[in-house]
Amino acid sequence: MNLINNSKDRTINIKDGKLNSDTNAKEITKPIAKKESTTKEKRSIELSKEFESLSKSLKEKLKKFAIKSPDILLNITNSELKDMKLSSKENKELGEFVKKYLNTNKNE
């Protein structure tokens, strides 16, 4: 393969993947892309002791959304609850937990 630039005074020859220049042959190599590590370190999120009575699946969802304490749970909006995709059973369980939590804090 011969390539001639616009001034037509220099010819570049490529043979078998090697660049033949005016002085000597050079090999063409593709740049190697560096791969970044895609592994993410999982942080262990410890739930508050108040959450011990909840089901395992609900605890996992609370960990996934980094809800560590009941105070954080009380600040969640409806759209955030929808994003958690709770089953009807989990939703009912969470509602009962919040009622109990608020009643115990009210009495203290």
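Here the structure is shown first, and the text comes after it.
The paragraphs below set out a description of the structure included in this document. Please read all numbers here as calculations on a predicted model, not as lab measurements. (Residues numbered from 1 in each chain as written. Predicted model: local features only at pLDDT ≥ 70, side-chain atom pairs only at ≥ 80, totals over all residues. Heavy atoms only, no water.)

**A look at the overall build of the protein chain**
1) Next: A count of helices and strands for the protein chain gives four helices and four strands.
2) Next: Written out in order from the N terminus, the α and β elements of the protein chain read β-β-β-β-α-α-α-α.
3) Next: The buried share among the 108 residues of the protein chain stands at 15%.
4) Next: Across the protein chain, every contact between residues at least 6 apart in sequence was considered, and the portion connecting residues at least 24 apart equals 30%.
5) Next: Accessible area for the protein chain stands at about 9900 Å²; split by element, carbon and sulfur atoms hold 49% of it. (Helix = DSSP H or I, 4+ residues; strand = E, 2+ residues; numbered from the N terminus. Buried < 20%, exposed > 50% of the residue type's maximum accessible area, 1.4 Å probe, protein only. Contact = heavy atoms within 4.5 Å. Areas by Shrake-Rupley, 256 points an atom, 1.4 Å probe, with all protein chains shown as cover.)

**Observations concerning the side chain of Glu93**
1) Next: By the element assignment, Glu93 lies in helix H4 (residues 88-107).
2) Next: Despite its burial, Glu93 pairs with no opposite charge; the closest candidate is Lys89, at 6.3 Å N-O.
3) Next: Excluding anything up to four places from it in sequence, Glu93 contacts Ser53, Leu54, Ser55 and Leu58. (Lys, Arg positive; Asp, Glu negative; His and termini not counted. Salt bridge = Lys/Arg side-chain N within 4 Å of Asp/Glu carboxyl O.)

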